[in-house]
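# Understanding the architecture of this molecule
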Amino acid sequence: MLTFRELEFKMAKSSTSDAQALFRSLRSAYAATPTNLKIIDLYVVYAITTAVIQVVYMGIVGSFPFNSFLAGVLSCVGTAVLAVCLRIQVNKENKEFKDLPPERAFADFVLCNLVLHLVVINFLG
C-alpha cells in the first residue's frame, strides 16, 4: 500500500509530465501560426500588460483622477478586444470570415479604434 507521501509524489510527477506535454503540444501548434497572427497576439499581450500595469499603479499610488484611470484601462482592454476580433477575421483557418478580405478587416479595426478612443477622450472630461 502506498503512503500518502508516495501517492502525493506520484501525482505531482504525473501532473508535471502532463503539463509539460500540454506545453509542448501548444508550442508546436503555435509554431505553425502565421506571422501576421503572431504580431496581433503580441499586440494583444502588450495592451493587456499595459492595463495590468495601470491597475497595479492605481493600487500602489492611488486613484485620484479615477475617470482618467478608467479611461486608460478602458482604452487598453478595448484595444485588446478589437485586436482579438481582428485576429479572428484575418485568420485563414476561420471559415466564417473566408469571404472578408484582410484589408476590410483592418479597416474595421481602425474605424472601431477611432470610435473607441473618441469615447475614451470624451470620458476624460
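Here the structure is a predicted model, which is why all the values come from computation and not from measurement.

Let us now look at the pattern of salt bridges. Going through the model one piece at a time under the given rule, you end up with two salt bridges. Note that D108 is salt-bridged to R104, the shortest N-O span being 3.4 Å. Placement of both D108 and R104 in helix 4 (residues 102-124) is noted, with a separation of four residues, approximately one turn of the helix. For D108, a relative accessible area of 24% gives the class partly exposed. The partly exposed category is assigned to R104, whose relative accessible area is 47%.

Attention shifts here to the UniProt feature "transmembrane region" (unreviewed entry) in the protein chain. Within the UniProt annotation, "transmembrane region" (unreviewed entry) is assigned to residues 42-60, 66-86 and 106-124. Note that residues 42-60 is 100% helix and 0% strand, and that its end C-alpha atoms are spaced 27 Å apart.

With that out of the way, let us pick up the packing of aromatic side chains. How two aromatic rings sit relative to each other is set out by the distance from centre to centre and by the angle between their planes. Summed over all chains, the structure comprises three aromatic pairs. Considering the side-chain rings of Y43 and F109, the 6.5 Å spacing of their centres and the 80° angle between planes classify their relative orientation as edge-to-face. Of this pair, Y43 sits in helix 2 (residues 35-61) while F109 sits in helix 4, and the two are 66 residues apart along the sequence. You can call Y43 partly exposed: its relative accessible area is 34%. Here F109 falls in the buried class, since its relative accessible area comes to 12%.

Calculation criteria
- Residues numbered from 1 in each chain as written.
- Predicted model: local features only at pLDDT ≥ 70, side-chain atom pairs only at ≥ 80, totals over all residues.
- Heavy atoms only, no water.
- Salt bridge = Lys/Arg side-chain N within 4 Å of Asp/Glu carboxyl O.
- Helix = DSSP H or I, 4+ residues; strand = E, 2+ residues; numbered from the N terminus.
- Buried < 20%, exposed > 50% of the residue type's maximum accessible area, 1.4 Å probe, protein only.
- UniProt positions renumbered as here; feature names shortened; annotations may be inferred.
- Phe/Tyr/Trp six-rings, centres within 6.5 Å; stacked < 30°, edge-to-face > 60°.

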